[in-house]
Amino acid sequence: MILLTGATGNVGRELKALLPEARALDRSSGADLARPETLELEGADSVFLIWPFLTSDGASAVLGKIAQHARRVVYLSSSAVRFGADTDPITRLHADLETAVRASGLEWTILRADTFASNALGWAGQLRAGDVVRGPNSAATAVIDPADIAAVAAAVLRDSQPGTTHTLTGPDVLSRTDQVRILGDALGRELTFDATPFDDARAQLLADGRPPALVEALIGSAQNRPASDLVTTTVQDVTGRPACTFGAWADRNVAAFG
């Protein structure tokens, strides 16, 4: 049996469609990663782990509970971990989780994913109101389609690759300006990106009611993460097909911006 955490998220939904036999481990079933005693793991062989919190507190307890029942864990991490754990709060979280996963006693596989294409869905409200996306700028990376992350995860969950760390990227290194332009092509509109100073972006996120810890993590990630020109062939190597372009993702998700 395969258990999936994060089954309602952008990667999790795609993965559940690829693994209909898998069981979702989420709050709709009474499971809460913040309370390991609520996790029903009997009969499990493998667990796909997405950690939903901003710190690694409690991760060892959750992994210990998993290890009582399952044989292996596949953890979705960040490609930014290769820059070092202190790059920003989100990278530090993933680095800490990777350490906990490796120390868990489980067979493990780590998937380090680059920037999700689906992060662009956060611009939908602005694009319903106009043709300008405003927000903090961030370094260019090889943006990856969540469906490609899910395809690799499904392959790994079905065919164990213990002790392996895969870095997953899309085929093209893109800035936010690039993403907005490509999204405009899909929508048939001329869109522009207007970079917001980090202090202004922080103030706006706080005014919108976002939790301060989340705001600092998001701003820290945008401000401090280095640019990356890394493009890997992992999606092709594992699934047998090339990684999707951001344009292909945008074409599939036009309705979300209408």
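Residues numbered from 1 in each chain as written. Predicted model: local features only at pLDDT ≥ 70, side-chain atom pairs only at ≥ 80, totals over all residues. Heavy atoms only, no water.

## A few points about helix α7 (residues 198-207)
Step number 1: Of all the residues in α7, the buried ones are Ala-201, Arg-202 and Leu-205. Projected onto a plane normal to the axis of α7, the buried residues spread over an arc of 100° and lie on a single side. Residues of α7 that are exposed and point over 90 degrees away from its buried face: Asp-199 and Ala-207.
Step number 2: Considering only its buried residues, α7 is in contact with α8 (212-224).
Step number 3: Gly-209 sits one or two positions beyond α7 and adopts a positive phi of about 95°. (Buried < 20%, exposed > 50% of the residue type's maximum accessible area, 1.4 Å probe, protein only. Helix = DSSP H or I, 4+ residues; strand = E, 2+ residues; numbered from the N terminus. Arc of directions from axis to C-beta. Contact = heavy atoms within 4.5 Å.)

## Concerning the pattern of salt bridges
Step number 1: For the structure on display, the rule yields 17 salt bridges.
Step number 2: Asp-178 serves as the salt-bridge partner of Arg-181, at 3.8 Å between the closest nitrogen and oxygen. Of this pair, Arg-181 and Asp-178 both sit in helix α6 (residues 176-187), three residues apart, which is roughly one turn of that helix.
Step number 3: Classification of Asp-178 by relative accessible area gives partly exposed; the value is 23%.
Step number 4: Because the salt bridges share partners, they merge into one network encompassing Asp-45, Arg-71, Arg-72 and Glu-107. (Salt bridge = Lys/Arg side-chain N within 4 Å of Asp/Glu carboxyl O.)

## Thoughts on the packing of helix α1 (residues 10-18) against helix α5 (residues 146-158)
How two helices pack is summed up by the angle between their axes together with the distance between the axes.
Step number 1: Packing of α1 against α5 brings their axes to within 8 Å, and their N-to-C directions diverge by 50°. One way to sum up the angle between α1 and α5 is to call them oblique. Considering the relative orientation of α1 and α5, their crossing is right-handed. Facing Asn-10, Val-11, Glu-14, Leu-15 and Leu-18 of α1, the residues of α5 in contact are Pro-146, Ala-147, Ile-149, Ala-150, Ala-151, Ala-153, Ala-154, Leu-157 and Arg-158.
Step number 2: In the contact of α1 with α5, the residues fall into eleven nonpolar, one polar and two charged. (Axes fitted to C-alpha atoms, helices over the stretch in contact; angles between N-to-C directions. Parallel < 35°, antiparallel > 145°, perpendicular 65-115°, else oblique. Left-handed = near helix turned anticlockwise from the far one by under 90°. Nonpolar A, V, L, I, M, F, W, Y, C, P; charged D, E, K, R; others polar.)

## Brief notes about the nonpolar core
Step number 1: Leu-39, Leu-49, Trp-51, Leu-63, Ile-66 and Val-73 are the most contacted members of the largest nonpolar core, which totals 24 residues.
Step number 2: Elements with a contribution of two residues or more to this core: β3 (46-49), α2 (59-67), β4 (72-78), α3 (89-102) and β5 (107-113).
Step number 3: For Leu-49, the residues in contact, after removing those within four places along its chain, are Thr-5, Leu-33, Leu-63, Val-73, Val-74, Tyr-75 and Leu-76.
Step number 4: In this structure, Ile-2, Leu-4, Ala-22 and Val-156 belong to the second largest nonpolar core, which totals 23 residues. (Core = buried A, V, L, I, M, F, W, Y, C linked by side-chain atoms within 4.5 Å.)

## Considering the environment of Leu-183
Step number 1: Its place among the elements puts Leu-183 in helix α6.
Step number 2: Each C-alpha atom of the pair Leu-183 and Asp-251 lies 8.0 Å from the other, and the pair is 68 residues apart in sequence.
Step number 3: Leave out the neighbours within four places in its chain, and Leu-183 touches Trp-123, Leu-127, Leu-191, Phe-246, Ala-250 and Phe-257.

## Considering the side chain of Thr-91
Step number 1: Mapped onto the fold, Thr-91 is located in helix α3.
Step number 2: In this structure Thr-91 comes out as buried when scored by relative accessible area, which is 0%.
Step number 3: Among the polar contacts made by the side chain of Thr-91, one reaches the side chain of Asp-88 at a distance of 2.8 Å.
Step number 4: Filtering out sequence-adjacent residues up to four positions away, Thr-91 remains in contact with Ala-80, Val-81, Gly-84, Ala-85 and Arg-225. (Polar contact = N/O pair within 3.5 Å; in protein donor to acceptor, adjacent residues only side chain to side chain.)

## Overview of the pairing of β5
Step number 1: For β5, a buried count of six out of seven residues is recorded, marking the element as mostly surrounded by other parts of the structure.
Step number 2: As for the winding sense of the linkage, the β-α-β connection from β4 through α3 to β5 is right-handed.
Step number 3: Relative to strand β8 (residues 164-168), β5 runs parallel, the two sharing five bridges. Bridging across to β8, Leu-111 finds its partner in His-166. (Right-handed = clockwise from strand over helix to strand, strands pointing away. Pairing = 2+ DSSP bridges.)

## Structural notes on the sheet that holds β4
Step number 1: With parallel pairing, six strands are arranged side by side in an open sheet as β2-β1-β3-β4-β5-β8. Every interior strand has two partners, whereas the edge strands, β2 (23-24) and β8, have only one.
Step number 2: Judged from the three bridges that link them, strand β1 (residues 2-4) and β3 form a sheet pairing that is parallel. Residue pairing in the sheet places Leu-3 in a bridge with Val-47 of β3.

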